[in-house]
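# Structure assessment
Here are the chains, one letter per residue:
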Amino acid sequence: MAKVTSKLQVTVPKALAIQLGLRPGDDVDWTISGNSLHVTPSRDRRQPLDLETRLRLFHQATDRQRRRQREAPGTQAEVDRGWSREDLYERGGTR
């Protein structure tokens, strides 16, 4: 049994959510029939993406992120300190 909160929200019991295949973020449709309220998964449900599509989208996103990092001001490529991290390791002794 579920209760209506003060914000008029209702929690779907886990057993029913599993049976209907509901996941967080899914839309549901509410319908009134006489004195009953019916909750059904939205008809506009997206099908899960296949592995090939998911990988393609992932690669597109990582390519966009790499472009953004290259174009961002103040990136490592644009900063010339006159020394590199490797120079710190190669100079030997302690301070």
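One structure accompanies this document, and this report is about it. (Residues numbered from 1 in each chain as written. Predicted model: local features only at pLDDT ≥ 70, side-chain atom pairs only at ≥ 80, totals over all residues. Heavy atoms only, no water.)

### Digging into the overall build of the protein chain
What counts here: The way it works is that DSSP assigns letters per residue, a run of H or I at least four long becomes a helix, a run of E at least two long becomes a strand, and they are numbered from the N terminus. Here the term buried applies to any residue with accessible area under 20% of the maximum for its type, exposed to any over 50%, and partly exposed to those in between, with areas from a 1.4 Å probe on protein chains only. Any two residues having at least one pair of non-hydrogen atoms within 4.5 Å are treated as being in contact. Method for areas: the Shrake-Rupley scheme with a 1.4 Å probe, in which residue coverage is limited to the protein chains shown.
Helices and strands together make up the secondary structure of the protein chain, namely three helices and two strands. The linear arrangement of helices and strands in the protein chain, starting from the amino end, is α-β-β-α-α. Counting only residues that meet the buried cut, the protein chain has 5% of its 95 residues in that class. Long-range pairs, those at least 24 residues apart, make up 6% of the contacts in the protein chain with a sequence separation of at least 6. Surface accessibility of the protein chain: about 9500 Å² in total, with carbon and sulfur atoms responsible for 52%.

### Some points on the pairing of strand β1 (residues 28-33)
Rules: Pairing between strands requires that DSSP locate at least two bridges from one strand to the other.
Examined bridge by bridge, β1 and strand β2 (residues 36-41) share six bridges and lie antiparallel to one another. Residue V28 lies in a different strand from β2, and its bridge partner there is P41. The loop that links β1 with its antiparallel partner β2 comprises two residues; one of these, G34, has a positive phi angle of about 65°.

### What about a positive patch on the surface?
Note the threshold: Within the patch definition used here, like charges are joined within 9 Å and nonpolar side chains (Val, Leu, Ile, Met, Phe, Trp, Tyr) within 5 Å, considering only residues with over 30% relative accessible area and no salt bridge. Each reported salt bridge corresponds to a side-chain nitrogen of Lys or Arg within 4 Å of a carboxyl oxygen of Asp or Glu. Neither His nor the chain termini are counted; the positive set is Lys and Arg, and the negative set is Asp and Glu. Think of each charge as sitting on NZ of Lys, CZ of Arg, CG of Asp or CD of Glu.
A contiguous patch of positive charge, built from R64, R67, R68 and R70, is present on the exposed surface. Secondary-structure assignment places R70 in helix α2 (residues 51-71).

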